[in-house]
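An overview of the molecular structure
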Number of protein chains: 2
Amino acid sequence: MLGKLNHIAIAVADLQSASDLYRLAFDATVSAPQALPDHGVTTVFVELQNTKLELLEPLGNDSPIAKFLEKNPAGGIHHYCIEVDDIQAAIKTAGANNLRILGNGKPKIGAHGKPVVFVHPKDMLGCLVEFEET
Amino acid sequence: MLGKLNHIAIAVADLQSASDLYRLAFDATVSAPQALPDHGVTTVFVELQNTKLELLEPLGNDSPIAKFLEKNPAGGIHHYCIEVDDIQAAIKTAGANNLRILGNGKPKIGAHGKPVVFVHPKDMLGCLVEFEET
């Protein structure tokens, strides 16, 4: 059921300096910033050879990563995202194993325009896990 | 300089139940547990299509993940590991960019028998990052 690791999402307070760390220090390819007002974040992607890091900076007054950054002002891993080929099957699997889907339990359109759900970190070894249909 | 994401390491209190989550609920391939007394952990790998999750359970009285689990009893992402082709070059790059290598600044032989260094999380967007020479 589990496909590729799509990304590791890292919340950062300052997207420019965070991008510079990977671009300048490590010579990584870093995408241009993309503001996603509906998701309350501005993002860039850092390319690795087999996956990517997604750096997230809060955008607007109600960013879903604002509280995380209050607790972790230096930044930190916010979630990781695993691709699945069928989001409804993933939701069924979660339900059958008592893994709580956040929100109303239904997929939303994620930051990349694809259906996603997030599973409660307490049910996933303390990690916020996103499933994205590909 | 940066190669593949080798793994995301997740600290867990109970390796058996953590393995079961991925093996039974998500039908993932999970390796047999490997005790690594020199590293103070017992590990399993969960295979994803392009990388893996490494689940770490404390082993012995001086486990490097014991404190992390005290703070995060439900578990959590401990570090992620990026492959590099030259660990000495990675150390030089870190030094040139004021990124602190943990320990004595020299590579150690990591859990997979290859030279590794860890970079201070405060210098890496709040994330403990391992570089492993491949």
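Anything mentioned here points back to the structure above.
An account of the accompanying structure is given in this report. (Residues numbered from 1 in each chain as written. Chains lettered and ligands numbered in written order. Predicted model: local features only at pLDDT ≥ 70, side-chain atom pairs only at ≥ 80, totals over all residues. Heavy atoms only, no water.)

Digging into the sheet that holds strand S4 (residues 52-58) of chain B
All names here are of chain B. The strand order across the open sheet built from eight strands is S2-S3-S4-S1-S5-S8-S7-S6, with neighbouring strands paired in mixed fashion. One side of each edge strand has no neighbouring strand; the edge strands of this open sheet are strand S2 (34-36) and strand S6 (108-109). One ladder, built from three bridges, connects S2 with strand S3 (residues 41-47); its direction is antiparallel. For Gln 34, the partnering residue across the bridge sits in S3 and is Thr 43. Contacts between helix H1 (residues 15-25) and the sheet are confined to S3 and S4, with S4 contributing the most and set at about 160° to the helix. (Pairing = 2+ DSSP bridges. Helix = DSSP H or I, 4+ residues; strand = E, 2+ residues; numbered from the N terminus. Contact = heavy atoms within 4.5 Å. Axes fitted to C-alpha atoms, helices over the stretch in contact; angles between N-to-C directions.)

Let's talk about the layout of surface pockets
Residues and elements named next belong to chain A. Size it by volume and the second largest pocket reaches roughly 590 Å³. His 39, Pro 64, Lys 108, Val 116 and Phe 118 are, among the 26 residues lining the second largest pocket, the residues nearest its centre. Breaking the lining of the second largest pocket down by element, the ones donating at least two residues are strand S4 (52-58), strand S5 (76-84), strand S6 (108-109) and strand S7 (115-119). Here the lining of the second largest pocket takes three residues from S7, the largest share from any one element. Taken together, the residues of the lining of the second largest pocket sort by class into 12 nonpolar, eight polar and six charged. (1 Å grid on protein atoms, 1.4 Å probe; cavity = no way out; pocket = protein on both sides within 12 Å on 5 of 7 lines; lining within 4 Å. Points joined across faces, edges and corners; volume = space filled by probe spheres on them. Nonpolar A, V, L, I, M, F, W, Y, C, P; charged D, E, K, R; others polar.)

Let's talk about the pattern of salt bridges
Residue and element names in this part refer to chain B. For the coordinates displayed, the defined rule picks out four salt bridges over all chains. Asp 20 is paired through a salt bridge with Arg 23; the nearest N and O atoms lie 2.6 Å apart. Of this pair, Asp 20 and Arg 23 both sit in helix H1, separated by three residues, roughly a single helical turn. (Salt bridge = Lys/Arg side-chain N within 4 Å of Asp/Glu carboxyl O.)

So, the nonpolar core
Ranked by size, the top nonpolar core spans 70 residues in total, and within it Tyr 22, Tyr 80 and Phe 131 of chain A together with Tyr 22, Tyr 80 and Phe 131 of chain B carry the most contacts. Once you skip the residues sitting within four places of it in the chain, Phe 131 of chain A turns out to touch Leu 2, Ile 82, Val 84, Ile 87, Pro 115, Val 116, Val 117, Val 119 and Met 124 of chain A together with Phe 26 of chain B. (Core = buried A, V, L, I, M, F, W, Y, C linked by side-chain atoms within 4.5 Å. Buried < 20%, exposed > 50% of the residue type's maximum accessible area, 1.4 Å probe, protein only.)

Quick word on helix H1 (residues 15-25) of chain A
Three or more residues of H1 of chain A are buried, namely Leu 15, Ala 18, Ser 19, Leu 21, Tyr 22 and Ala 25 of chain A. For H1 of chain A, the elements touching its buried residues are strand S3 (41-47) and S4 of chain A together with strand S1 (2-11), strand S5 (76-84), helix H3 (87-96) and strand S8 (129-133) of chain B. The backbone nitrogen of Gln 16 of chain A lies 3.0 Å from a side-chain oxygen of the residue at the head of H1 of chain A, namely Asp 14 of chain A. Positive phi shows up at Asp 27 of chain A, right after H1 of chain A, with a value of about 60°. (Polar contact = N/O pair within 3.5 Å; in protein donor to acceptor, adjacent residues only side chain to side chain.)

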